[in-house]
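Chain and residue survey
Chain by chain, the residues run as shown.
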Amino acid sequence: MIEIGHISHPGRKRPLNEDSYDIDAPNGQAVLVDGMGGPDAGDIASAFVRDQVRRGLLAGESPADALMNAGQALRIQRPAQSGNPCGASAVCVRWHGNGAELAQVGTCRVLFWDGNALKAVSGSEADDAGQPAKSVPSIQALGITAGDKLRIAAAELPWRRGQALVLCTDAMLEQCRPADLREILCDARASAQEAAERMLLLALRGDADENLSALILRRA
């Protein structure tokens with residue numbers, strides 16, 4: 001069984017929330033998208049990528065292929081979606097049995113709580129730092145970066161009872177210290193939803209000038 005926490009907030013300075021997400025627990029998949037482009041652009045791109053990735057995963061595409069195909073579709077559809085330049089960063093996960101497949105592009109992040117340590121997932125590995133991964137440049141964006149130049153980081157992880165995956169925007173991660181995140185995730189008394197809400201409260205104590213979003217997926 002997967003326990004789920006989710007939260008999204010426009011932040012203190014932006015009137016529009018360009019983040020979006022979808023969680024499909026029965027089919028074992030989730031996607032989080034950070035749109036960019038401003039009003040009538042970033043929010044539209046975010047929702048478009050979210051829906052494209054969800055359909056791709058349901059059709060059997062790998063998380064990496066689902067992101068790649070969503071990016072190509074957005075580049076084709078962008079003129080019809082908005083007259084403003086728009087794109088998106090995204091992260092998606094598909095879980096099955098005792099494992100999970102992940103893919104990320106741009107500034108969205110994945111953290112893995114193994115029950116003892118918090119690790120930032122980067123490419124095919126997990127390192128011992130709860131900080132944004134550095135392997136994928138922030139200039140990468142679905143709908144903007146050409147497919148042959150798009151760098152999608154993919155990973156497969158064992159995922160057992162008591163362990164958690166955190167999918168979040170970089171703005172959320174930048175506002176939460178690793179020590180605070182470890183304290184939140186190791187609190188077995190708190191539900192995944194309570195943990196997500198605590199992350200947001202921590203982030204809102206800082207500047208919080210960007211949209212803030214996080215999904216917490218805990219194997220129970």
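Look up a bit, the structure's there.
Every chain begins its residue count from 1, and numbering advances along the sequence as written. Residues qualify for local features only when their pLDDT is at least 70, as the model is predicted, and side-chain atom pairs are given and counted only at 80 or more; totals for whole chains, interfaces and linings, by contrast, use all residues. No hydrogens and no water enter the side-chain calculation; it runs on all heavy atoms of the structure.

A closer look at the overall build of the chain
Counting its secondary structure elements, the chain contains five helices and eleven strands. Across the chain, the fraction of contacts at a sequence separation of at least 24, relative to all contacts at a separation of at least 6, is 71%. Of the roughly 9,600 Å² that the chain leaves accessible, carbon and sulfur atoms contribute 47%. Helix and strand labels come from DSSP, where a helix needs a run of H or I of at least four residues and a strand needs a run of E of at least two; each type is numbered from the N terminus. Should any heavy atoms of two residues lie within 4.5 Å, those residues are counted as being in contact. Per-residue and other accessible areas follow the Shrake-Rupley method at a 1.4 Å probe size, with only the shown protein chains counted as cover for residues.

Some points on the nonpolar core
We call a set of buried Ala, Val, Leu, Ile, Met, Phe, Trp, Tyr and Cys residues a nonpolar core when their side-chain atoms join them within 4.5 Å. Relative accessibility under 20% of the residue-type maximum defines a buried residue, over 50% an exposed one, and the middle range a partly exposed one, all with a 1.4 Å probe and only protein chains included. Formed by 27 residues in total, the largest nonpolar core has its most connected members in Leu111, Val166, Met172, Leu181, Met199, Leu212 and Ile216. When contributions to this core are tallied by element, the ones reaching two or more residues are strand S6 (109-113), strand S7 (118-122), strand S10 (164-168), helix H3 (170-175), helix H4 (178-185), helix H5 (192-204) and strand S11 (212-219).

Some remarks on the packing of H4 against H5
Where H4 meets H5, the axes come as close as 10 Å, and the angle between the chain directions of the two elements is 160 degrees. It follows from the interaxial angle that H4 and H5 lie roughly antiparallel. Note that H4 runs across H5; the crossing there is right-handed. Between H4 and H5, the contacting residues are Asp180, Leu181, Glu183 and Ile184 on the first element and Ala195, Arg198, Met199 and Leu202 on the second. Note on definitions: angles span 0 to 180 degrees between N-to-C directions of axes, and those axes are lines fitted to C-alpha atoms, for helices only across the stretch in contact. Working rule for angles: under 35 degrees goes down as roughly parallel, over 145 as roughly antiparallel, 65 to 115 as roughly perpendicular, anything else as oblique. Left-handed is the label given to a crossing in which the near helix is rotated counterclockwise from the far helix by less than a right angle, and right-handed is the label when the rotation is clockwise.

Some points on the side chain of arginine 109
Inspection of the secondary structure puts arginine 109 in strand S6. Within the local environment of arginine 109, its side chain forms a polar contact with the backbone oxygen of threonine 107, the two atoms lying 3.4 Å apart. Nitrogen and oxygen atoms within 3.5 Å of one another constitute a polar contact, given that in protein one can donate a hydrogen and the other can accept it, and given that sequence-neighbouring residues count only through two side-chain atoms.

Structural notes on the pattern of salt bridges
The salt bridge criterion pairs a side-chain nitrogen of Lys or Arg with a carboxyl oxygen of Asp or Glu, the two atoms within 4 Å. Under the counting rule described, the total for this entry stands at eleven salt bridges. Between arginine 218 and glutamate 3 there is a salt bridge, with the nearest N and O atoms lying 3.1 Å from each other. Placement of arginine 218 in strand S11 and of glutamate 3 in strand S1 (residues 2-9) is noted, with a sequence separation of 215 residues between them. Using a relative accessible area of 11% as the deciding quantity, one classes arginine 218 as buried. The partner of aspartate 51 in a salt bridge is arginine 50, and the shortest N-O contact between them spans 2.9 Å.

Details of the pairing of strand S4 (residues 87-96)
Taken across its ten residues, S4 has nine buried, putting it largely inside the fold. Bridging between strand S3 (residues 29-36) and S4 involves eight bridges; their strand directions are antiparallel. Within the sheet, the bridge partner assigned to valine 33 lies in S4 and is alanine 90. Two strands qualify as a pair provided DSSP detects at least 2 bridges between them. Bridge analysis of S4 against strand S5 (residues 99-105) gives seven bridges, and the strand direction is antiparallel.

Considering the packing of aromatic side chains
Any pair of Phe, Tyr and Trp rings, taking the six-membered ring for Trp, is counted once the centres come within 6.5 Å. Such a pair is stacked with planes under 30 degrees apart, edge-to-face with planes over 60 apart, and tilted for the rest. For the coordinates displayed, the defined rule picks out one aromatic pair. Where tryptophan 95 meets tryptophan 159, the ring centres are 6.0 Å apart and the plane angle is 85 degrees; that geometry is what we call edge-to-face. Of this pair, tryptophan 95 sits in strand S4 while tryptophan 159 sits in the loop between strand S9 (153-158) and S10, placing them 64 residues apart in sequence. Tryptophan 95 gets classed as buried once you look at its relative accessible area, which sits at 10%. Residue tryptophan 159 is classed as buried on the basis of its relative accessible area of 0%. Look at NZ for Lys and CZ for Arg. If either is within 6 Å of the ring centre and within 35 degrees of the ring normal, a charge sits over the ring. Positioned above the aromatic ring of tryptophan 159, the side-chain terminus of arginine 219 is 4.7 Å from the ring centre.

Side note on the environment of glutamate 101
Tracing the sequence through the fold places glutamate 101 in strand S5. Residues glutamate 101 and serine 62, spaced 39 residues apart in sequence, show a C-alpha to C-alpha distance of 7.9 Å. Beyond its immediate chain neighbours, meaning those up to four positions away, glutamate 101 contacts Pro63, Cys92, Val93, Arg94, His96, Ala155 and Glu156. For glutamate 101, the side chain forms a polar contact with the side chain of histidine 96, separated by 3.3 Å.

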